[in-house]
Amino acid sequence: GSHIHTVEYFSKGGEKGAKRAPLVCLHGYGFGTGLYFSTMPSIVGRWGGRVFALDSLGCGLSSRPRWRLAQGESADVAEVEEFFVGGLERWRKSMKIDRMVLLGHSIGGYLAVAYAERYPQHVDRLILASPVGVPHPPAELAAAIGDAPFLVRTVLGMWRSGWSPMTLAKLGLGNMMMRGYVSRRFADVDWIPKDLLQAYLYQNWSGGRNSGGGYAHSTLLVPGGLGELAYARQPLVDRIPRLRVGRISAIYGEFDWMDHRNMKALKTSLLKRKAEAGLEAPLIEVIRVASASHQIPIDNPLGFAE
């Protein structure tokens, strides 16, 4: 059987809020439970119920079964989503959790929506932190990619065909890749231990098979670069309106490369639809966190928790 690596957090006196639906946190591409390392103390203190962070199936310290589905754009989106969603559902059953609040970051937010589509009876509400794949790609994207420099077109072509950057990390370049990413991407602040974060990401990228975690970007997303860095093959803007989930909180960083205006536009259209036609749809709130980019839980852990 498969194993889902789970970290459960406790706070002193936390039992008094144990009747509240558990909070289950999903990570984005290339990360794992460690995404939430600095924000968890604040989240647990505020939540007052059970709080879990998971490594999704095929990621981190969870089982990494050999990838037997198609690669890149030839992959069936429903089958790829079922790989991750099925892993989460089996975990939920094993933990005997009836209803939960799902928090998903980036591609974890996308997968939280996919889970809520299939199992709405087990989702109390959704918290989507800088979710990938909300809008449709702009009409001019294909032309922009076609006009890009040869090297850029080559890299994007490798993405579309299913090549994983984790393979590059496994070829001996992992430390250099992660050192460059962590040093450029994160601020020099006392709550981000850059050496530990680099070591954690190196192990995540270099250890074990690529599995589903290594191929999620190329099977579920297509390259962007115009507007957003990536777009979903099946955009969430078409899927969120049909969710049977009452409330969605969408959280974005002040300097996020996921554009909060796409979610705001969806919120406006759903409110209009409800007012004019009385159609049921999730109630969306859009929140922005100061001094944060895409990795909000690390950039501003206290702001994210609030």
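Let me begin by describing the structure that accompanies this report. A quick note: this is a predicted structure, and the numbers were derived from the prediction, not measured. (Residues numbered from 1 in each chain as written. Predicted model: local features only at pLDDT ≥ 70, side-chain atom pairs only at ≥ 80, totals over all residues. Heavy atoms only, no water.)

**Focus: helix 3 (residues 107-118)**
Operational definition: Each helix is a run of H or I in the DSSP string that is no shorter than four residues. Each strand is a run of E no shorter than two, and both are numbered from the N terminus. For a helix, the expected span equals 1.5 Å multiplied by the number of residues minus one. Accessibility here uses a 1.4 Å probe with only protein chains present; expressed as a share of the type maximum, an area under 20% marks a residue as buried, one over 50% as exposed, and anything in between as partly exposed.
With 12 residues, helix 3 extends 17 Å between its outermost C-alpha atoms, agreeing within 8% with the 16 Å of an ideal straight helix rising 1.5 Å per residue. The buried fraction of helix 3 is high, at 10 of 12 residues. Within helix 3 the residues assigned to the buried category are Ile107, Gly108, Gly109, Tyr110, Leu111, Ala112, Val113, Ala114, Tyr115 and Ala116.

**So, the pattern of salt bridges**
Threshold: By salt bridge we mean one thing: a side-chain nitrogen of Lys or Arg within 4 Å of a carboxyl oxygen of Asp or Glu.
Under the counting rule described, the total for this entry stands at 13 salt bridges. Salt-bridge contacts for Arg118 lead to Glu81; the nearest nitrogen and oxygen are separated by 3.1 Å. Here Arg118 is found in helix 3, whereas its partner Glu81 is found in helix 2 (residues 77-95), with 37 residues between them in sequence. Overall, Arg118 belongs to the partly exposed group, its relative accessible area being 28%. On the accessibility criterion, Glu81 (2% relative accessible area) is buried. Residue Arg99 is joined to Asp124 by a salt bridge in which the shortest nitrogen-to-oxygen separation is 3.5 Å. Of the two residues, Arg99 is situated in the loop between helix 2 and strand 4 (100-105) and Asp124 in strand 5 (residues 123-129); the sequence distance between them amounts to 25 residues. Residue classification places Arg99 among the partly exposed positions, given a relative accessible area of 34%. One network of salt bridges, in which partners are shared, links Glu81, Glu82, Glu117, Arg118 and Arg239.

**A closer look at the sheet that holds strand 9 (residues 283-289)**
Heads up, the rule is: Criterion used throughout: strands pair if DSSP finds at least two bridges between them. Inter-axis angles, ranging from 0 to 180 degrees, are taken between N-to-C directions of lines fitted to C-alpha atoms, where helices are fitted over the stretch in contact. By the convention used here, residues are in contact when the closest approach between their heavy atoms is within 4.5 Å.
Across the sheet, which stays open at both edges, the 7 strands sit in the order 1-3-2-4-5-8-9 with mixed pairing between neighbours. Strands at the two margins of the open sheet, each flanked by one partner only, are strand 1 (6-9) and strand 9. Averaged over all pairs of adjacent strands, the angle between strand axes in this sheet comes to 20°, irrespective of strand direction. Here helix 9 (residues 260-277) sits on the sheet and contacts strand 5, strand 8 (247-253) and strand 9; the angle it forms with strand 9, its principal contact strand, is near 155°.

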